[in-house]
Structures are given as structure tokens and as C-alpha cells.
Amino acid sequence: MKNTSFSSFDAIYKSIKPISKILFDHTRYKAHRPHNEGSSDKKETLEEHIVLVNEYALLLTQKHGLEPLIDGIISELVQKYPNPTYIGNWVKKLFLSAIIYHDYGKVNPNFQSEKMKEDSFLPYDKSIKIDTQHSKLSAYIYVNDFVQTIQADDKLSEDDKYFLFLLCSLFSVPILKHHAPFIDHYIDFKEDELKSINRFLKEFDIEQSWDDVFTKEGAKSLVEDLMPDVQNPILIIILLKLNFSLLTSSDYYATNQYMNGFAVNDFGLIDADFKEKLYQNYWNYAYNQDTRNKWEILRGTDFEKLQERNNVNLNQLRAKLLIETVESIKENPNKNLYYLEAPTGAGKTNLSLALALELLKSEQSLNKIFYVFPFTTLIVQTFEAIKNTLGITNEHIIQLHSKSGFHSLEEDDAKYGNEKLNYLDNLFLNYPITLLTHIKFFNILKGNDKETNYIYHRLANSVVIIDELQSYNPKHWDKIAWMLSEYGRVFNIKFVLMSATLPKINEADKTITVPFERLIKDKNNPNFGQRIEFDFTLLDWEKPQNTEGGQIYLDRLASFVKKESDAYALNRKDKDCGKVRTIIEFIKKKSANEFYQVAINVFKDYKIYVLSGEILDPRRSHIIKAIKAQKDEKVLLITTQVVEAGVDIDMDLGFKDRSLIDSDEQLAGRVNRNANKTDCKVYIFDYDNEIQIYRSDERRKVTKEKISLDDYKDILVSKDFDKLYQLVFQKIDKKNKNSYEKENIKKYKEVFERVDFQTIKKEFQLIEDDTKSVFVPMPIPIADFDDEMIGVAKMFDISINGFIHGKEVFEKYIAIITNKDQAFHKKMINSKQIYGLISKFIFSVYENAAKELMCYSDGESEKSYTKRFGLIYLLNWKDDKDDQIYSYESGVNQVLLKNDVFL
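Just so it is clear, the model here is predicted, and its values are computed rather than measured. (Residues numbered from 1 in each chain as written. Predicted model: local features only at pLDDT ≥ 70, side-chain atom pairs only at ≥ 80, totals over all residues. Heavy atoms only, no water.)

Thoughts on the overall build of the protein
Part 1 of the reasoning: Of regular secondary structure, the protein possesses 35 helices and 22 strands.
Part 2 of the reasoning: The C-alpha atoms of the protein give 30 Å as radius of gyration, which agrees with the globular expectation for 903 residues (29 Å, within 12%).
Part 3 of the reasoning: C-alpha extents for the protein along the principal axes are approximately 90 × 65 × 55 Å.
Part 4 of the reasoning: When each of the 903 residues of the protein is scored for burial, the buried share is 60%.
Part 5 of the reasoning: When contacts within the protein are restricted to residue pairs at least 6 apart in sequence, those whose partners lie at least 24 apart make up 76%.
Part 6 of the reasoning: Put simply, the protein shows about 37300 Å² of open surface, and 47% of that area lies on carbon and sulfur atoms.
Part 7 of the reasoning: In the protein, 123 positive and 137 negative side-chain charges are present, and the distance between their average locations comes to 1 Å. (Helix = DSSP H or I, 4+ residues; strand = E, 2+ residues; numbered from the N terminus. Rg over C-alpha atoms; globule rule 2.2 N^0.38 Å. Buried < 20%, exposed > 50% of the residue type's maximum accessible area, 1.4 Å probe, protein only. Contact = heavy atoms within 4.5 Å. Areas by Shrake-Rupley, 256 points an atom, 1.4 Å probe, with all protein chains shown as cover. Lys, Arg positive; Asp, Glu negative; His and termini not counted. Charge placed at Lys NZ, Arg CZ, Asp CG, Glu CD.)

What about unusual backbone geometry?
Part 1 of the reasoning: Even without glycine at this site, Asn-461 takes up a positive phi of about 55 degrees.
Part 2 of the reasoning: With respect to the helices and strands, Asn-461 occurs in the loop between α19 (450–454) and β7 (463–467).

Considerations on the packing of helix α4 (residues 84–100) against helix α6 (residues 135–151)
Part 1 of the reasoning: Contact pair α4 / α6: the axes reach a minimum separation of 11 Å and the direction vectors enclose 160 degrees. One finds that α4 runs roughly antiparallel with respect to α6. As for how α4 packs across α6, the hand of that crossing is right-handed. In this structure, α4 uses Trp-90, Lys-93, Leu-94, Ser-97 and Ala-98 to contact α6, whose residues at the interface are Tyr-142, Phe-146, Thr-149 and Ile-150.
Part 2 of the reasoning: When its residues are assigned to classes, the contact of α4 with α6 shows six nonpolar, two polar and one charged. (Axes fitted to C-alpha atoms, helices over the stretch in contact; angles between N-to-C directions. Parallel < 35°, antiparallel > 145°, perpendicular 65-115°, else oblique. Left-handed = near helix turned anticlockwise from the far one by under 90°. Nonpolar A, V, L, I, M, F, W, Y, C, P; charged D, E, K, R; others polar.)

A few points about the sheet that holds strand β13 (residues 634–639)
Part 1 of the reasoning: If you walk across this open sheet you meet the six strands as β10-β15-β14-β11-β13-β12, and the pairing is parallel. Each of the sheet's edge strands pairs with one partner strand only, and the pair in question is β10 (533–535) and β12 (607–611). Put simply, the sheet's adjacent strands are angled 15 degrees from each other on average, direction ignored.
Part 2 of the reasoning: The pairing of strand β14 (residues 653–657) with strand β15 (residues 681–685) spans five bridges and is parallel. From the neighbouring strand, Asp-657 faces β15, where its bridge partner is Phe-685.
Part 3 of the reasoning: The sheet contacts of helix α24 (residues 617–629) involve β11 (580–585), β12 and β13, and relative to β12 the element is tilted by about 140 degrees. (Pairing = 2+ DSSP bridges.)

Section: helix α31 (residues 787–795)
Part 1 of the reasoning: Taken residue by residue, α31 has Met-789, Ile-790, Val-792 and Ala-793 as its buried positions. One face of α31 carries all of its buried residues, which in axial projection span an arc of 155 degrees. Exposed residues on α31 whose side chains face more than 90 degrees from its buried face are Asp-787 and Lys-794.
Part 2 of the reasoning: Of the surrounding elements, those touching the buried residues of α31 are β18 (803–805) and α33 (824–838). (Arc of directions from axis to C-beta.)

A short note on helix α15 (residues 348–362)
Part 1 of the reasoning: With 15 residues, α15 ought to run about 21 Å at 1.5 Å a step, and its terminal C-alpha atoms sit 21 Å apart, in line with that.
Part 2 of the reasoning: Counting buried positions along α15 yields twelve of 15 residues, so the element is predominantly enclosed. (Expected span 1.5 Å × (residues − 1).)

Describing the packing of aromatic side chains
Part 1 of the reasoning: Overall, the coordinates contain 61 aromatic pairs when judged by the stated rule.
Part 2 of the reasoning: Geometrically, the ring pair formed by Tyr-142 and Phe-146 is tilted, given 5.3 Å between the ring centres and 55 degrees between the ring planes. Of this pair, Tyr-142 and Phe-146 both sit in helix α6, separated by four residues, roughly a single helical turn.
Part 3 of the reasoning: Tyr-142 sits in the buried class, given a relative accessible area of 0%.
Part 4 of the reasoning: Take Phe-146: its relative accessible area is 4%, and that puts it in the buried class.
Part 5 of the reasoning: A centroid spacing of 6.2 Å and a plane angle of 35 degrees characterise the contact between Phe-785 and Phe-841, whose relative ring orientation is tilted. Of the two residues, Phe-785 is situated in the loop between β17 (779–781) and α31 and Phe-841 in the loop between α33 and β19 (842–846); the sequence distance between them amounts to 56 residues.
Part 6 of the reasoning: A relative accessible area of 6% places Phe-785 in the buried class.
Part 7 of the reasoning: Ring pairing ties together the aromatic residues Trp-541, Tyr-553, Phe-560, Phe-586, Phe-595, Phe-655, Tyr-683, Phe-685 and Tyr-687, which thus form one cluster.
Part 8 of the reasoning: The ring of Phe-189 carries the charged tip of Lys-136 above its face, separated from the ring centre by 5.2 Å. (Phe/Tyr/Trp six-rings, centres within 6.5 Å; stacked < 30°, edge-to-face > 60°. Lys NZ or Arg CZ within 6 Å of the ring centre and 35° of its normal.)

Here it is in C-alpha cells:
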């Protein structure tokens, strides 16, 4: 990106007249007062707060290396103007001034008398129609001041002025919304409000008001008339979100410093010394150290010599892939977009860590790492793997997801014991390495809610590893590709996309000119691709057409699975002769449940486990540990697609109800993971109709319409998933070329032109169906909880007598959040801590299933937990007759439901 030389933020800040030079008797105006009425602490003056906010804004900008990036964005926005440096300096001044002016509206006498309890101001003035608000008045002062100054600048042409008027209007929105839960795109003042606050302009030496800008129609007209002239509207959105992020974050830090008496200087960044420490720790880790010591030998080893399937060759292949990816990065360190197409069993996490550390070393400005996953289970297991490999503690890494609770530091961490600081670090993710979900990450990029935007500025100058992107509908791949391409170049983010079946999503949007660098050239090797043999003979079975046919099919399938599993256990020649671990996956939970009922009578000498979306986390952990421990001679795991990623198990045989090709390959990845067994098979059968699950997924349509059964088999066996994706990309390209298509990429980009934050977020939802949380107030065995959750239970005096009872946990949670006597930060920490335990009793369902479960809840009265907390409190999970709608071992008992709603 071309950069024009602009004035520095420091110089701009010094050039702006401080409020102490504008307001008469400026010390009268206060910004905050102490929490306690009788406190001896002084009220904070408006000037003190404004100065402190701007010090934090400049500090955050400097620490995160934002100024060169902001200069680059502005350069691109103004490059078409005759004097880009002059107008660019104006844009930069408007950007910083939005932060400086954000609280000027606290001159509102109603704010001073009512909120600040300042006796020097007259009592409440009803003629001021904005009540005690200050944000509206701040935005009003900001726009009028700068519109007047822009209008008077003879060096600006009319086109220059209108462009700056547009930005002035848009930058007023972060001011207007800095206390709101979200940012939107239009100012909207009522006429009587404008008239009542016009009087304050003279206090700021503003001679004329420009009230047309403040009506919704006026602001909308400005956007509609001028945004079409902006060549790349996403840059406006990026700049606005960055301004909102810096303003709200700096305001929060500054307010904290006044209220709690301590400054924040450590924002959880990776400096040069820490980069070197991470790098050394990684390569001193036993497995990686061996690779480094044998680097040249392994590098020279021919792939052809590693064709025989065994664990030794597999480990050498993993080491060679590590060498190849590291050397690829060293040859191409200046790209922003990388593909890591690592086959199942290649050790993606270890490879990606090496890439992240090489990228950090290659560029001084890179100072943080984000790992992005589709499922919380992947986050949890990768969190521990990274800590172990890099030799770091909770001070350096955080996991962010719905079940993570409060991130506590360990006793040897530097900031251990400072609860208020730890709370801020949790809120702003002030950690060098962050693990979060796809949904959370893309909401940071495109969302408009305030708390998510706190984190937005942290994305700059980072390495972002995105795993298993194929988990989501291809209808969004073009949006993802475009967004990653833009953010990669303007925010200096190094994106690494990795998967065993990775779609080259840049081909989904033909307008993208920034190439993705492919890090692994050849991943085909029997130790990866042929660890298992696919068996397609069950596809010859007739698909059931009704309930009776379904029962016959499942009976026959159970007999077949039992026969093959018994034969495998009997015939294996290794140390585990007589043992077998079989997994069978269904598309629908209902089918898995029905097969479980059949299996109980067929697999009498097997330990049977059920793993589905309704199985609670402690039970999931119990199952995975039991399978890994190999205590049971014979195991049958009945599951749904939750097992496809994030479940670290190694099975001997697999059975899979055919669905998407990617999905079928993911299940295969759970079988013979270390290539140290023989005769491992994955059988593909065809039972359920997948259209209910994948109705709008182009992969399903392409597979049905364009891919023959022979091609389907060949893709799975050869791992040539590009065959499938090329057909999917053709459909996406056709859609994008159709001007009448509602969901094409061009239509989505037009939303950015309208500066429509809400639609930007709404039209790019990775999960489109609404879900509802279900809380099960049942007892869960203490043995199924980890030490951290047991510690939380003890911390809140929750009874531990062989079990932890969900009912008691929920009651403790209510006591915490309704405690009015506790300090805000303490309440937030406690509620976060206990919510980590609460989440162990929660599963999620779609709306239709939620409606079915409502009759087992505690009702819909105003006092019910269900009504008060927006979840389903499954009070009646077990009735007087012992008919359980919910079982800890098998989840929801669908026999008791009226309708088939659990897909």
C-alpha cells in the first residue's frame, strides 16, 4: 500500500487547542466522581479525563504499531485528490479529534448537576432536551467545529470539503455511541434537541451551526451522495471501527485509572526478547529438537523412501513437512495470506506454531498471535498443547469462548493477585496468544457491538491461524476471502489457513488480486492418505423409505458393525489382539439415538458410548479419556458430527453415514491417526437424507448434481478435494456474475458503501440458525471435572460429595449476579468464574428443539429461571416415574418428544 507522509499523531495532538484554552473557568467541569459518596478522593476534572484518554489512545497506537497502518489507509482514501498530503492530514486530524472531543458534551449543566453533583451549576434545566446526555452534545460540538473550520479553509476544493464533511459526519458516530452497546451509521437528532443545545456552541467559539447534518435524512443523504465516490468503501468501515475501538478502549482504561488508582502499561504484546524465548522453547521441545538436529538429513530424505505405512515413517514425514513449511515461510515472509494444507495426522498445531514463530521473527512489527477454531473442544485441547510446547503459563495465553469462564493466572505469574488488572486483561484480551472461535473472530472483523470492538485494534500486526474453515457454508467463502485479503494488507495481518481438506477460498472471489501462498506442495503419502482403507460396499444397500424400513436397516447395520468389529479384534496381530474401538457416525441425533437402542441388545460385550451435541462437557471428557486409556477391551462409540473435529481419539474401525465429502474425510481422520495399525477401515453407508442439514450448502448440491459415485470415491481415496472445490467455486462465480442474485459478493460490498454496520454483520453469519442454551440441574460425578472446575466449586462453597449438583451451582450464580453490595469488577470476575462451571451443565439446541423441551422446563412465569435468564432451565429432566427426558450418558431421550426436531 502506498504511504503518503503525514503529520504524526503527537504533532496533531499538540496542534489542537486544549479544552483548558477554550472553556472559561474550565476547572468547574467534572468528568467522573468517586464510587463512594463519602470518599475523600477528588472528582476528576473534564480536562484531566480528556488528557488521560488521549494519552491512552496515543499509547495504544504506539504499542500496537497502528499509526503506519492508519497512514496507509488514509493514503489509499485520498490518493485521487490533487493534494493528497494536505487532505490526508485533515483526515488524520478528524480521526484523532473524535477521541479528543468525545466528552466535550459534559459541559451540559444537567450532566454536571445531576451526574457529577456539582452545586456550582443550576438545578436540572428542562429546556435542554437531551436530558443529562453528554455524547450527543459532544458529537454536535465536534461536527459543527470542524465543518466550520473545513468550510473556511481556502486550500480545500469543493470536492475536498465534501469528502471531509462526509468523514466528519461519520467520525461523529463513535463519539455519539461511545456509551452505547453498538455503533451504527446515522446520526439522528430531533429538531427540539438541536435547538436546545445550539446555545453551547458559543462556549467553543463556534459561530454557526450545521444542523442539516444531524437529522437522519441529512446524514443519510451525505452518505448516499458521497460514498459512491469512495473507491474502496471497506477502508472507511475499517477506519471507523478502529476509531470506535481506540476511543472506547482508551476511555475505559482512563476511567479505570481514575476509579481504581492504577495505570495499565502492559498490553500483552510479544516483544523481541519474548519472541526469542518462544522460538527457543519451541525448538528445544523434545519432538522439535530432534527435527532441528536432523534437519539436513531429513531434508535430503526422499519422500519415495517413506511410502511404507508405519509409525516411524509417519514421524519422519511430519518432520519433513515441518521443514518444508518453515523453509516456505523463510522464502516468502512478506505475504499476508498462506495456505497450510496439512493432511490428517500431520500435526497441524505443531506446524502452525512453527509458522507463527517464523513470521514473528521475520517482521519486527508483528506482536501477537491469534488461533481461530470452529469448536470450543479444539480450543481447549490446543490451549494445553501450546502451553506445553512453548513452555508458557496463563499469563501469556488466553482462551475465549462461551464456556471458558474467567481466565485466572497461576500463582507464579507476575500479575497474580491483582483482580482488577486481571479483569481488564480479560476484557481487552491483553495476552500475547489468544484462542477463539471463528464466530467470535469474524464478529470482531465485521461486527458493530462495543465489547467486541474493544478487541478490534489488537488484530493489527498479528499472526492469525485459522483452522478448519471448511466447517462453514461455502456461500460465505467469497466474503471470507475478500475480507481476509483486505484486512491482511491494511492491518498487516499474516493469515495462515489450515485444514486437511482446505478449500482455496481466494478462488471464490475472482476480484481478489492478493495471492495466497501454498506452503505444502505435495501432501500425498500412504502414511497420510492410506492410513485407512475406505469400504463403499454398504452404499449398495437400499436406502430406507419409511420408519419400518429404517428399523430393518438399523438392525442389519448393527449386525454388520458387530461382525466386522469382532473380526478385527480377533484377527489383529499387534499387542492389542482381542481389542477393538469402533466409531459409527450418523448425520442426525435421532438416528444415533435409535441405533443406540438397537446396539444395547447387540453389543452386549462392548462398552457403548454416545457422543452428540447434547452430551455435557464433563461426560464428553470422560468418554475421550476412557477411549484413550484403552481400559475397555471392546468399545463402540455412537456419535454425530461433533466428533469430526476437536475430538482427539484414535479408533480402529469407522462407519459413516454419507454426507459432505469433507465431513466423511474428517471422520476418517479419527481412525488410525498414527498409522501404526493395519487393516483399519472406514465404511460409508447411506441412511439419512442430508438435505435437512445441508440444504443451502453448495457442496451437497455439487456432489448430487456434478459428481458421480466413482468420482466421490476417488476424491476420498486420493484426497484430491480440489476436484470438488473447483465445481463449488464455479457455482459461486456464476452467482457473483448474476446481477439479480441477492447474495452475491457485489451486493455485499455495496452494504459497505452504505456504511450499514448492522447489515454488514447480519448478511455474513457463519451460523445462521438461532440456538438456545439448555441448563440441566442434575448431579454430575466429581471424577468428570478437572481440577480447575473443582477449585471453582470449592471457591464458592458448593457442596462436593461425589457429585457437583447443577441446581446448587445455578443458585450460587444467581446469588452472585444479584448481589448489589459487591464492587462491579469483583461481581464480574465472580460471575465469569462460576459461569465456567455453569457451562458444564449446558448444551445448545436449535429453536424447534428448544420449543419441544420447554414443557420440561420450570415454566414461563416472570419468576422462572427460564424466563429470567433467557435459557431453558430443564427442571423436569427426570420425572416421578423415572422417565428421563435427559440422560447424562445418552443426552435427550427423543422417544418422549412429540416431533422429530433433533437433527
